[in-house]
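# Commentary on secondary and tertiary structure
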Amino acid sequence: KTAQTSAVMGEPASTASVQTVTSPEQIVDKKEWAARLNRWRQAEERIRDAALQRQRGNENKAESLLREALQLEPNYSSAQFELADILLSRGQYQESYTLWINLLAADPTSVHASLKLAATLQALKDYEAALDAAQWALRLDPYSLEAHQIVATSCMRMNKPDQAIEHLRKIINVERE
């Protein structure tokens, strides 16, 4: 385990062993490395094509290309992000939720992923969890209008109007600045 993964897993980073890798050859032999690079290139090509398909409004083709990219390289965060966004927009909340959680496990400082997770949780009507995710985003970016909106909406759904009003006021104040 590295210090980073240990910290994410709740272990103190100071007790974790840190591995230093100086070259790809230390991980795998040259043929394996060449095959891995080829898969990455193919995945990147599909991700670029998916972005073009989304711009053209062809979400089905974009989804298919992103799934292909993730078959080639399951940990490609940009493919996970785009696929999760498509799934969220289509109402496929459970699969979207899983992808947002995976993205945040890899990078807990992603405000955008935190906001998308919060929106997904709202769509799933899990307002407490949506509130937590939006508040996490606010810790990372206190001026996020979207996070304040999600907090306000979740608070209203949970019958906490005073907290909702507080965040609606923050939105007004941020927009005035």
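Located above this text is the structure these notes cover.
Here's a quick rundown of the structure. (Residues numbered from 1 in each chain as written. Predicted model: local features only at pLDDT ≥ 70, side-chain atom pairs only at ≥ 80, totals over all residues. Heavy atoms only, no water.)

Among the structural elements, Leu131 can be located in helix H8 (residues 127–140). Under the relative-accessibility criterion, Leu131 is labelled buried at 8%. Expressed as a C-alpha distance, the spacing of Leu131 and Ala119, which sit 12 residues apart in the sequence, is 9.6 Å. For Leu131, the residues in contact, after removing those within four places along its chain, are Val151, Ser154, Cys155 and Met158. (Helix = DSSP H or I, 4+ residues; strand = E, 2+ residues; numbered from the N terminus. Buried < 20%, exposed > 50% of the residue type's maximum accessible area, 1.4 Å probe, protein only. Contact = heavy atoms within 4.5 Å.)

Moving on to the pattern of salt bridges. Scanning all chains against the criterion turns up 10 salt bridges. Between Arg54 and Asp85 there is a salt bridge; the shortest N-O distance is 3.3 Å. Here the residue Arg54 occupies a position in helix H3 (residues 30–55), and Asp85 occupies one in helix H5 (residues 77–89), the gap between them amounting to 31 residues. Where salt bridges share partners, they join Arg54, Glu59, Glu82, Asp85 and Lys116 into one cluster. (Salt bridge = Lys/Arg side-chain N within 4 Å of Asp/Glu carboxyl O.)

Of note in this structure, Lys125 is not a glycine but carries a positive phi near 65 degrees. Among the secondary structure elements, Lys125 is positioned in the loop between helix H7 (111–123) and H8. You can call Lys125 exposed: its relative accessible area is 61%.

What follows deals with the environment of Arg46. Within the secondary structure, Arg46 sits in helix H3. Among the residues examined, Arg46 registers a relative accessible area of 23% and is labelled partly exposed. For the pair Arg46 and Ser64, spaced 18 residues apart in the sequence, the C-alpha separation amounts to 9.2 Å. For Arg46, the contacting residues outside a window of four places in its chain are Leu65, Glu68, Ala69 and Leu72.

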